[in-house]
Amino acid sequence: RPDAVPASEQGAPLPMVRYRTELERIPVGDRRVWLRNATAAGVLTSRLDAAGATWEWLSGWLSDGQGMTAEAWEAVIPQMGYMALLRNLANFDKAGVSDSVAAKVAARLADPDQVARSKQFPFRFLSAYRMAAHSLRWGHALNTALTLSTGNIPELDGRTLVLVDTSGSMSSPMSGKSQVSCVDAAALFGVALAFRNVGRVDLAGWATGTYTHTIQPGAALIEQVQRFTNRAGSVGHGTDLAQALHRTFRRGEHTRVFVFSDMQLMGSGWYGGTDAVNRYVPDEVPVYSFNLAGYAGAMTSGTNRHELGGLTDATFRLVPVIEAAQTGRWPWEHAA
């Protein structure tokens, strides 16, 4: 930024490169002293900004074996992007970053505009929450950010059945680099649907057997996701969708069904197999199957059968549009 460079030196060729070079020339043993003096003089933020310093660069620049201390983190936090803050909450606590600085970080994490601009998948906030689970400083902000990030979850008319696969295969991570499992992500969106449609969603986990989950009044979304996933494995480790539908779907009452699963289904014939949905759910009831791993689908194709690959909050925007098309409504019209 031009205003981060002294007025007398603005217009000089490649100022960021020059500032970075000047910092690199400071002997390693003197760098923390420079950091401390610049902080005391109130010019640290502008100097680091002028040099294009990131926290990764600062960590390597200090290189004296002490690592990122509270002083170092507090120096670079104002320059850090949203995702970098989210990934380093546990590191801030480990280093002992002050409560006043932590409060500013929490405010940024919970800011609606910053959440929207960050474009982070909702399960990133769940991952951050678990990484910093020992701390009391981040829970409220992360719950707020998670709730904001699921803003695409629609309000739905009628009554909705949500089934979340909690079988053994769902413990696999969402990707090779993710610390969030398939069951974590599925539970997050299942619980978010229940939060968004209070009193109009029946939520259940299923594997070899089935359990129901009731959202506690006044509970935090992020804590409810944790409570749901804590029960994974309590009803076996198979993937028997047929028994789940048999036990939970109510004809004439449920308007639609959501199924979150990796689709490694068990069984065959009437009690299982890939056609389990069509055997238990009437054709006129829409079923949305979120396939988290790309295995064979849970149902044969049909007008009200929708197989969706992957899982992001944006996918849920399709639901009102699809149902409006089936009923003849325009997408912007609310259901009667």
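Figured I'd write up the structure that's included with this text. (Residues numbered from 1 in each chain as written. Predicted model: local features only at pLDDT ≥ 70, side-chain atom pairs only at ≥ 80, totals over all residues. Heavy atoms only, no water.)

Before going further, it helps to examine the overall build of the chain. From N to C terminus, the chain includes 16 helices and six strands. By the burial criterion, 47% of the 336 residues in the chain qualify as buried. Pairs at least 24 apart in sequence give 70% of the contacts found in the chain among residues at least 6 apart. (Helix = DSSP H or I, 4+ residues; strand = E, 2+ residues; numbered from the N terminus. Buried < 20%, exposed > 50% of the residue type's maximum accessible area, 1.4 Å probe, protein only. Contact = heavy atoms within 4.5 Å.)

With that out of the way, let us pick up the pairing of strand 1 (residues 160-165). The buried count for strand 1 comes to six of six residues, which makes it a mostly enclosed element. In strand 1, alternate side chains face the same way, and those of Thr-160, Val-162 and Val-164 on one face and Leu-161, Leu-163 and Asp-165 on the other are all buried. For strand 1 and strand 2 (residues 201-206), the ladder comprises six bridges, and the chain directions are parallel. Bridge pairing in strand 2 links Leu-163 to Ala-204. (Pairing = 2+ DSSP bridges.)

Another point: the nonpolar core. In terms of nonpolar packing, the biggest core is built from 79 residues, with Phe-92, Phe-258 and Phe-260 touching the most fellow members. Take this core: its biggest share by element is 11 residues, from helix 12 (residues 182-196). Discounting chain neighbours no more than four positions away, the residues touching Phe-92 are Trp-73, Ile-77, Met-80, Leu-85, Val-97, Val-105, Arg-137 and Trp-138. Listed in part, the 18 residues of the second largest apolar core include Ala-204, Ala-242, Ala-244 and Phe-249. (Core = buried A, V, L, I, M, F, W, Y, C linked by side-chain atoms within 4.5 Å.)

Glancing now at the pattern of salt bridges. Side chains that differ in sign of charge can pair as their charged atoms come close. Within the structure shown, the criterion is met by 13 salt bridges. Between Glu-253 and Arg-250 there is a salt bridge, with its nearest N and O atoms 2.8 Å apart. The exposure class assigned to Glu-253 is partly exposed, which follows from its relative accessible area of 38%. With a relative accessible area of 34%, Arg-250 lands in the partly exposed category. The residue Arg-256 makes a salt bridge to Glu-323 at a minimum N-O spacing of 2.7 Å. Remark: Glu-323 occurs in helix 16 (residues 318-327) and Arg-256 occurs in strand 4 (residues 256-261); sequence separation between them is 67 residues. In this pair, the class of Arg-256 matches that of Glu-323, namely buried. Connected through shared salt-bridge partners, Arg-159, Asp-202, Arg-250 and Glu-253 make up one network. (Salt bridge = Lys/Arg side-chain N within 4 Å of Asp/Glu carboxyl O.)

Right, let's get into the side chain of Arg-305. Structurally, Arg-305 can be placed in strand 6 (residues 305-309). Only 3.2 Å separates the side chain of Arg-305 from the backbone oxygen of Pro-282, close enough to count as a polar contact. Among the polar contacts made by the side chain of Arg-305, one reaches the main-chain carbonyl oxygen of Val-285 at a distance of 2.7 Å. (Polar contact = N/O pair within 3.5 Å; in protein donor to acceptor, adjacent residues only side chain to side chain.)

Remember that the coordinates give geometry; whether it matters functionally is a separate question.
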